[in-house]
Amino acid sequence: MASNVNPTVRRRRLGQELRRLRELKGMTAEEVAERLLVSQSKISRLENGRRSISQRDVRDLCGVYEVDDHRIVDSLMQMAKDSRQQGWWHAFGDIPYSVYIGLETDAASLRVYESLIVPGLLQTREYAQAVIEGMWPEATSIDVDKRIQIRLKRQDRLTDPVNPLRFWAVIDEALLRRVVGNRQIMTAQLEHLAHLSEQPHVTLQVLPYDAGAHPGMYGKFAILEFHDALDASVVYLEGVTSDLYLEKANDVQSYTVMYEHLRAKALSAELSRAFIHEVADGYRD
C-alpha cells in the first residue's frame, strides 16, 4: 500500500459513497441500523467519516443496499482497507484533533480566521511552546513537546516544494498585541509572520481594532477545500473537549460569505505586512 494514502480522506470519501447508496435505496439510517442490529449513531459516524470503516462493515452495508456489481463492492472494500492505514500523525499516539490533521494534510487550500492566537501553521517554535504551556497548564513536559512536534510537522504543508498548501489567514489585531511568552518571542514571531506573508501561496490580512464589529466576533474558524471535486469542503470549529466539522453545502456557504466580509474589512496584504512590522518594532523598542 502506498505510503501517501490519507486515511482520513479515504474514510470521508467512502462514507459519502455509502450514504449515496443508502439514499438510492430509499432507506433511513435508522432502518439500516435496525437491519444490521447496530446503533443508528454507528451508521452516522460511518457515513460522516468520523469512524474507521472495516471491510466487514462495507460488505454488510452493500448487502443491505443490494449492490450486485462486484466492481463497486471491490472498490469500496479497497477504500475501506486504505482508510485503515495510518497517517504520519499516528506515530505521536492518541491526538484529540487527528481528524483535522488528516484533512489539513490533504487539503488544497485553507482559509482561517483567528482572533487570539497566531494560526498554528504560522507559529515559531518558541511561540508555539508558550501558547501550549499557557493553554494547557497541567500538561507534562512530554505532552508539551509532543504538541510542539506535531505543530511543526504540520507546517511542512506550507514549505512543500511540489504541492504547497494555499493558505489565507485573516487575523485580528488583538493577537499581535497579546504578549505570548515575552517581547523577544513576539518580535521573532511577528517577523516570521511578515516573512511568510511574502510567499506567493500565503496571504495574510490584519483586521484592525478600528474595523469595528465584524462576523468573526462569533469566534475562530477554518475552511478546508480539496483538489478532488468528490471531497466536499469542510468548515472546522475547534472546541475545548470536542470539535465540530460542518460539511453541508449551506453551512459551508454561510462561512464562506462570512470570510469574504472579513477579507473586505481587513487591511490589504501589503498594508497588513507594514502593520505587522510596525507592531514588531514596538516590541523591539
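Coordinates for the structure precede this section.
Keep in mind the model is a prediction, meaning the values are calculated, not measured.

Trainee: Account for the sheet that holds strand 2 (residues 166-172), naming residues and giving values.
Mentor: Each strand in a sheet pairs with another by means of backbone hydrogen bonds, the pair being arranged parallel or else antiparallel. Strands sit in the order 3-2-1-4-5-6 across an open sheet of six strands; the sheet is mixed. Either end of the sheet is taken by a strand with one partner, and the two such strands are strand 3 (202-207) and strand 6 (244-246). On average, each strand axis in the sheet is inclined to that of its neighbour by 15 degrees, with strand direction left out of account. Where strand 1 (residues 107-114) lies against strand 2, six bridges are found, and the strand directions are parallel. Pairing of Glu114 across the sheet is with Ile171, part of strand 2. Against the sheet, helix 6 (residues 98-106) makes contact with strand 1, strand 4 (221-226), strand 5 (234-237) and strand 6, and its axis sits at roughly 125 degrees relative to strand 1, the strand it touches most.

Trainee: Give me the lowdown on the nonpolar core, citing residues and values where you can.
Mentor: If you look at soluble globular proteins, the nonpolar side chains tend to sit buried side by side. Core analysis: the biggest nonpolar cluster contains 46 residues, and Leu110, Phe167, Leu176, Leu190, Leu193 and Leu224 have the highest contact counts within it. Ranked by the residues each element gives to this core, the list is headed by helix 11 (residues 183-196), at six residues. Dropping the residues within four chain positions of it, Leu176 is found in contact with Ile171, Met186, Leu190, Leu193, Val206, Phe275, Ile276, Val279 and Tyr283. Core analysis: the second largest hydrophobic core is formed by 20 residues, Leu18, Ala33, Val73 and Met79 among them.

Trainee: Before we move on, can you summarise the environment of Tyr127 with the specific residues and values?
Mentor: Mapped onto the fold, Tyr127 is located in helix 7 (residues 125-135). The residues contacting Tyr127, other than those within four sequence positions of it, are Leu116, Ile117, Val118, Val180, Ile185, Met186 and Gln189. At 3.2 Å, the side chain of Tyr127 forms a polar contact with the backbone nitrogen of Val118.

Trainee: Hey, could you go over the environment of Lys146 for me, with residue numbers and the actual values?
Mentor: On the secondary structure map, Lys146 appears in helix 8 (residues 141-154). Along the backbone, Lys146 and Asp74 are 72 residues apart, and their C-alpha atoms lie at a distance of 38 Å. Among residues more than four places away in sequence, those in contact with Lys146 are Phe92 and Asp94. At a separation of 3.3 Å, a polar atom in the side chain of Lys146 contacts the main-chain carbonyl oxygen of Phe92.

Trainee: Give a detailed account of the packing of aromatic side chains, specifying residues and quantitative values.
Mentor: Taken as a whole, this structure holds seven aromatic pairs when the rule is applied. Between Tyr100 and Tyr236, the aromatic rings sit 4.2 Å apart at their centres with planes inclined by 25 degrees, giving stacked as the arrangement. In this pair, Tyr100 is assigned in helix 6 and Tyr236 in strand 5, connecting sequence segments 136 residues apart. Across the pair, exposure class does not vary: Tyr100 and Tyr236 are buried alike. Grouping aromatic residues by their ring pairs yields a cluster made of Tyr113, Phe221, Tyr255 and Tyr259. The residue whose ring lies beneath Arg147 is Trp136, and the NZ or CZ to ring-centre distance is 4.0 Å. Directly above the ring of Trp88 sits Lys153, whose terminal nitrogen or CZ lies 5.9 Å from the centroid.

Trainee: Tell me about helix 2 (residues 29-36), and please be specific about residues and values.
Mentor: For helix 2, the full list of buried residues reads Ala29, Val32 and Ala33. In an axial view of helix 2, the angular spread of the buried residues amounts to 100 degrees, which keeps them on one side of the axis. Seen from the open side of helix 2, the exposed residues pointing more than 90 degrees away from its buried face are Glu34 and Arg35. Structurally, helix 2 contributes buried residues whose contacts are with helix 1 (7-25), helix 3 (40-47) and helix 4 (55-64). Positive phi shows up at Leu37, right after helix 2, with a value of about 60 degrees.

Trainee: Give me the lowdown on the layout of surface pockets, citing residues and values where you can.
Mentor: Here the largest pocket is characterised by a volume of approximately 810 Å³. Lining the largest pocket are 35 residues, and of these Tyr97, Lys220, Tyr236, Glu238 and Gly239 lie nearest its centre. Elements that contribute at least two residues to the lining of the largest pocket include exactly helix 6, strand 1, helix 7, helix 8 and strand 4. Tallied by class, the residues present in the lining of the largest pocket amount to 20 nonpolar, six polar and nine charged.

Thresholds, definitions, all that
- Residues numbered from 1 in each chain as written.
- Predicted model: local features only at pLDDT ≥ 70, side-chain atom pairs only at ≥ 80, totals over all residues.
- Heavy atoms only, no water.
- Pairing = 2+ DSSP bridges.
- Helix = DSSP H or I, 4+ residues; strand = E, 2+ residues; numbered from the N terminus.
- Axes fitted to C-alpha atoms, helices over the stretch in contact; angles between N-to-C directions.
- Contact = heavy atoms within 4.5 Å.
- Core = buried A, V, L, I, M, F, W, Y, C linked by side-chain atoms within 4.5 Å.
- Buried < 20%, exposed > 50% of the residue type's maximum accessible area, 1.4 Å probe, protein only.
- Polar contact = N/O pair within 3.5 Å; in protein donor to acceptor, adjacent residues only side chain to side chain.
- Phe/Tyr/Trp six-rings, centres within 6.5 Å; stacked < 30°, edge-to-face > 60°.
- Lys NZ or Arg CZ within 6 Å of the ring centre and 35° of its normal.
- Arc of directions from axis to C-beta.
- 1 Å grid on protein atoms, 1.4 Å probe; cavity = no way out; pocket = protein on both sides within 12 Å on 5 of 7 lines; lining within 4 Å.
- Points joined across faces, edges and corners; volume = space filled by probe spheres on them.
- Nonpolar A, V, L, I, M, F, W, Y, C, P; charged D, E, K, R; others polar.

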